[in-house]
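Chain by chain, the residues run as shown.
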Amino acid sequence: MALINNKARVIEDGWSYPDANGDGAIRPKYVIPLDVLASVGSEIRIDGPIGVFAAAGVTADKILPFLDKLELVVVEFPKFRDGRGFTVARALRDRHGFKGDIRAIGHILPDQLAALVQCGFSTIVTPPEHPPAQWQQGALSASRLLSGGPLLQRLIGRRAAAPANEEERS
Amino acid sequence: MPKSIVTANRLSDGVVVWLGSNGEWTDRLEAADALDGNALQSALETVRDRDRDVAVDIRDIPADLVEGRPVPQARRERLRGAGPSVREDLAKTAVGERWARPPLLAPPSATSRSPYAGIYRYDEYDRQFLRDRAEQFRRQVQRRLSGELNEDEFKPLRLMNGLYLQLHGYMLRVALPYGVLGASQMRQLAYVARYYDRGYGHFTTRQNIQFNWPRLTDAADILAVLAEADLHAIQTSGNCVRNVTTDHFAGAAAEEVVDPRLYAEILRQWSTDHPEFTYLPRKFKIAITGSPQDRAAVRVHDIGILAKRNAKGEPGFQIYAGGGLGRTPMVGTKVRDWLPVRNLLRYVEAILRVYNTLGRRDNIYKARIKILVRDMKPERFIEMIEHEFAAMPADSCVLEDDVVSVVAARFVRPPFVPLPSETPEFERAVKSNRAFRAWVRTSTHPHREPGYISAVISLKPIGGIPGDVSADEMDLIADLADHFSFGEIRVSHEQNLVLPHVRKEQLPNLWQALVDGGLATGNVGLVTDIISCPGMDYCSLATARSIPIAQKIADRFADPARQAEIGPLDLNISGCINACGHHHVGHIGLLGVDKNGEEVYQITLGGAADEKASIGTIIGPSVAVGAVPDAIEAIVDAYLAHRTDGESFIDTCRRLGTAPFREAVYGAHQ
């Protein structure tokens, strides 16, 4: 499964993810399931970047105690119709000022790229049935739709304000 | 041995098809192959795999063989075979002849504008946004047809663009934001009806219009045509914020305190393509009114907004949440007594954030916000919204005065002329012409400008289909709007149209033109002004045919004098529990259900959608379809017998409860 950034460009993924059983030793550049992280506690010390896996239904406030230690939050979409992940990203960016990488994983569609980016997602693990090429097509129309939009959106904006959103990860 | 036939809708044009004996799809029911056992299973497996990008909703249905021809057992399936029972004329057109052939005439938007209509004006960015959306949908359709997107993935995308798959094919629901449109937009709708559909459209209780026969392959073209008239179908379906509705006399009514259209437009723009709230647990409906008379049913919406003024005369809002109809009807809870304008979007966003996070996603029947409010208890729900609201960054989504004024400046103010409030010619016409007088009594509303009045065009002629309008009628109404109402038209949630700004002196001329066009039915607000969903004649969810029952009741009460004698009475009919016909809030509500293959109707009494919103009470066992008009008549007669001087139907209901009406309907049988 390829990783893309907010411009739908393929980028290298140095992280490993929990397997189907959700287990794996805690180590640097491993995305730790939130419940595992919670059992260790916010005093966790790891020599290297830490990421967390927020399974579907996890709310932003549950991630909060660990936020200043995290480099990456991976938000799961069990079905693309399940929009809870958008609110998680929005809360982390807007309300809690998280500047790290927010990554979408699971069943998501290229058609959702613009919404994901506006909510503060900076990277996306593309599902096998929708490879990066499809997302690049979507990125074209997304950029067109984002540049204009109804008057009010041009006046007050609504993109999640965070450096991660402006800059492009590589 | 019972047999089955295999049916589907063709992906490209939505046409109902059956599997023929040659293993190919046919649009002729009589050519369907009756199968059973292994042959049936193997045929299903074959086509489900082979035709997954050719046919949609492939399934087997039980059928009997009558004189060698397959006849589906289910009424719904027979209707799919025959077409809507209320439009038998349509069945005469062969499938291949349903749609106009290119080259089509240029759309009216090329030449027709309504410069004086008090509608929100788009700029080129707004327009380009709609064109881009149409092109985006064109690519999505292509990806579906090529198989890149499967039906499960494509369905929410088409629904975001208002395209459903219904009983007879696709249905396109076009948004008419807060029910306001210009004459030129009405002409564009007529054009779509004429060239991409089958010559008519249906106005809905969400102040939208539905076309019943578009092809998937034409859908992007239709959206592109609509975009040229500043119209779209964005978010008319799907689990997102739907068309914001308001009072159909907004900005015109004499008693109005705040014109809600400005805030409805702001909410529309805010919710359009909202990145966070486009995949909610379920659909989300917002209504706003600025009048003390609630004509927008705000208390039965997911969010209901009452625009008011404080002691200083500043506008602000009272907010209700968690109201709704459907399976679990509820009157909303007041969650905020006063909200300054600057916080409107922030507060609505807080409500939606709580809902998006906590609303149930495991059961679509329990996914609306009303269930969340009920289960959490209103106090806790309010606490959570306020917490979310307080935690928002101070600068996020603030409606500053300058932003509001920029949006407000986009509304054209129709060039009203100063007129005397005395209108002797009008008074003379009222006195001298009885038919005109009767029409004026039901079909007009006082205007805030002296010498003007708002006129309602009933779309409920006796024998007609509630809310249906032909393309020719749309064109006529557009012309009348240009001539009499600055080119401005409204859609009411009661499925009627309104010319909001008519000079009183010209009202007799307007009325005469409506009489000539067959559009002067003077029954607005009376027993025959029935709200009805499309029912099983069109809808794949319906369990009963609501239109024919509406027609039978209207027929029974057709005499105008009798209707006038009865006075104001809201009769609402839904063809299934989803309550699109708003039966819960009808003074008399009818819910059609299927009972062992027979249509029966449950009767509720005492519902209301206005400022005294209430959910009707079921008065007794369901009534057989044939007995419904008698039952309604018995209820009405009981009212006439029990009412005090000048007491309206709903007030009598409230005073007496259901007992006398129950006795009137069931007395003889109990």
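Residues numbered from 1 in each chain as written. Chains lettered and ligands numbered in written order. Predicted model: local features only at pLDDT ≥ 70, side-chain atom pairs only at ≥ 80, totals over all residues. Heavy atoms only, no water.

What chain A contains, in helices and strands, is seven helices and seven strands. Put simply, chain A runs from its N terminus to its C terminus through helices and strands in the order β-β-β-α-β-α-β-α-β-α-β-α-α-α. When the 170 residues of chain A are sorted by exposure, 55% land in the buried category. Surface exposure of chain A reaches about 7,100 Å², of which carbon and sulfur atoms provide 51%. (Helix = DSSP H or I, 4+ residues; strand = E, 2+ residues; numbered from the N terminus. Buried < 20%, exposed > 50% of the residue type's maximum accessible area, 1.4 Å probe, protein only. Areas by Shrake-Rupley, 256 points an atom, 1.4 Å probe, with all protein chains shown as cover.)

All names here are of chain B. Positionally, His 493 belongs in the loop between strand E19 (488-491) and strand E20 (497-503). Considered as a pair, His 493 and Asn 356 are 137 residues apart in the sequence and their alpha carbons are 27 Å apart. Leaving out residues up to four positions away in the same chain, His 493 has contacts with Thr 204, Thr 205, Gln 207, His 248, Arg 295, Ile 531 and His 582. At 3.2 Å, the side chain of His 493 forms a polar contact with the backbone oxygen of Arg 295. (Contact = heavy atoms within 4.5 Å. Polar contact = N/O pair within 3.5 Å; in protein donor to acceptor, adjacent residues only side chain to side chain.)

Attention now goes to the interface of chain B and chain A. Facing the 45 residues of chain B at the interface are 35 residues of chain A. When chain B packs against chain A, the two sides together hide about 3,500 Å² of surface, and 58% of this comes from carbon and sulfur. Our count for the contact surface shared by chain B and chain A stands at six salt bridges. With a shortest N-O distance of 2.9 Å, A:Asp111 and B:Arg143 are connected by a salt bridge. In this structure, the connection of chain B to chain A is made through 17 residue pairs in polar contact (both at pLDDT 80 or more). Looking at the side of chain B that touches chain A, the elements that each hand over two or more residues are helix H3 (124-146), helix H4 (151-160), helix H7 (261-271), helix H8 (344-358), helix H10 (378-390) and helix H11 (401-408) of chain B. Broken down by element, the side of chain B that touches chain A gets its largest block of residues, nine residues, from H3(B). (Buried area = accessible area lost by both parts, 1.4 Å probe. Salt bridge = Lys/Arg side-chain N within 4 Å of Asp/Glu carboxyl O.)

Residue and element names in this part refer to chain B. Along its sequence, chain B is carved into domain 1 (3-82), domain 2 (117-227), domain 3 (245-408), domain 4 (424-516) and domain 5 (531-669). Once you take the C-alpha centre of each, domain 4 and domain 5 turn out to be 27 Å apart. Listed as interface residues are nine residues of domain 4 and, on the opposing side, 10 residues of domain 5. Of the roughly 800 Å² buried between domain 4 and domain 5, counting both surfaces, carbon and sulfur atoms make up 64%. Scanning the region where domain 4 abuts domain 5 turns up zero salt bridges. The interface formed by domain 4 and domain 5 holds three residue pairs in polar contact (both at pLDDT 80 or more) in total. Grouping the constituent residues of the side of domain 4 that touches domain 5 by class yields three nonpolar, four polar and two charged. (Domains from an automatic or database assignment. Nonpolar A, V, L, I, M, F, W, Y, C, P; charged D, E, K, R; others polar.)

What follows is about the sheet that holds strand E12 (residues 286-289) of chain B. All names here are of chain B. If you walk across this open sheet you meet the five strands as E11-E12-E13-E14-E15, and the pairing is mixed. The strands lining the two open edges of the sheet, one partner per strand, are strand E11 (245-246) and strand E15 (333-340). Across seven bridges, strand E13 (residues 303-309) lies against strand E14 (residues 315-321) in antiparallel orientation. Of the residues in E14, the one forming a bridge with Leu 306 is Gln 318. Against the sheet, H8 makes contact with E12, E13, E14 and E15, and its axis sits at roughly 155° relative to E15, the strand it touches most. (Pairing = 2+ DSSP bridges. Axes fitted to C-alpha atoms, helices over the stretch in contact; angles between N-to-C directions.)

Counting 107 residues, the largest nonpolar core has A:Ile63, A:Leu70, B:Met186, B:Leu189 and B:Leu507 as the members making the most contacts within it. Tallying contributions element by element places helix H5 (residues 183-196) of chain B first for this core, with nine residues. Two domains share this core, each providing at least three of its residues, namely domain 2 (117-227) and domain 4 (424-516) of chain B. Those residues in contact with A:Leu70 that sit more than four places away from it in its chain are A:Leu37, A:Ile50, A:Gly51, A:Val52, A:Ile63 and A:Phe98. With 58 residues, the next largest nonpolar core counts B:Phe129, B:Leu280, B:Met392 and B:Cys397 among its residues. (Core = buried A, V, L, I, M, F, W, Y, C linked by side-chain atoms within 4.5 Å.)

Turning next to helix H9 (residues 369-376) of chain B. Residues and elements named next belong to chain B. Most of H9 sits inside the fold, with six of its eight residues counted as buried. Along H9, the residues that are buried comprise Ile 369, Lys 370, Ile 371, Leu 372, Val 373 and Met 376. Where H9 is buried, its residues touch E15, H8 and H10. In the stretch just after H9, Lys 377 is the one whose phi turns positive, near 75°.

When pLDDT is averaged across chain A, the result is 86; 85% of the residues are at 70 or more. Within the model, pLDDT remains below 50 along residues 160-165 of chain A, and this stretch shows 19 contacts once partners closer than five positions in the same chain are excluded. (pLDDT = per-residue confidence, 0-100.)

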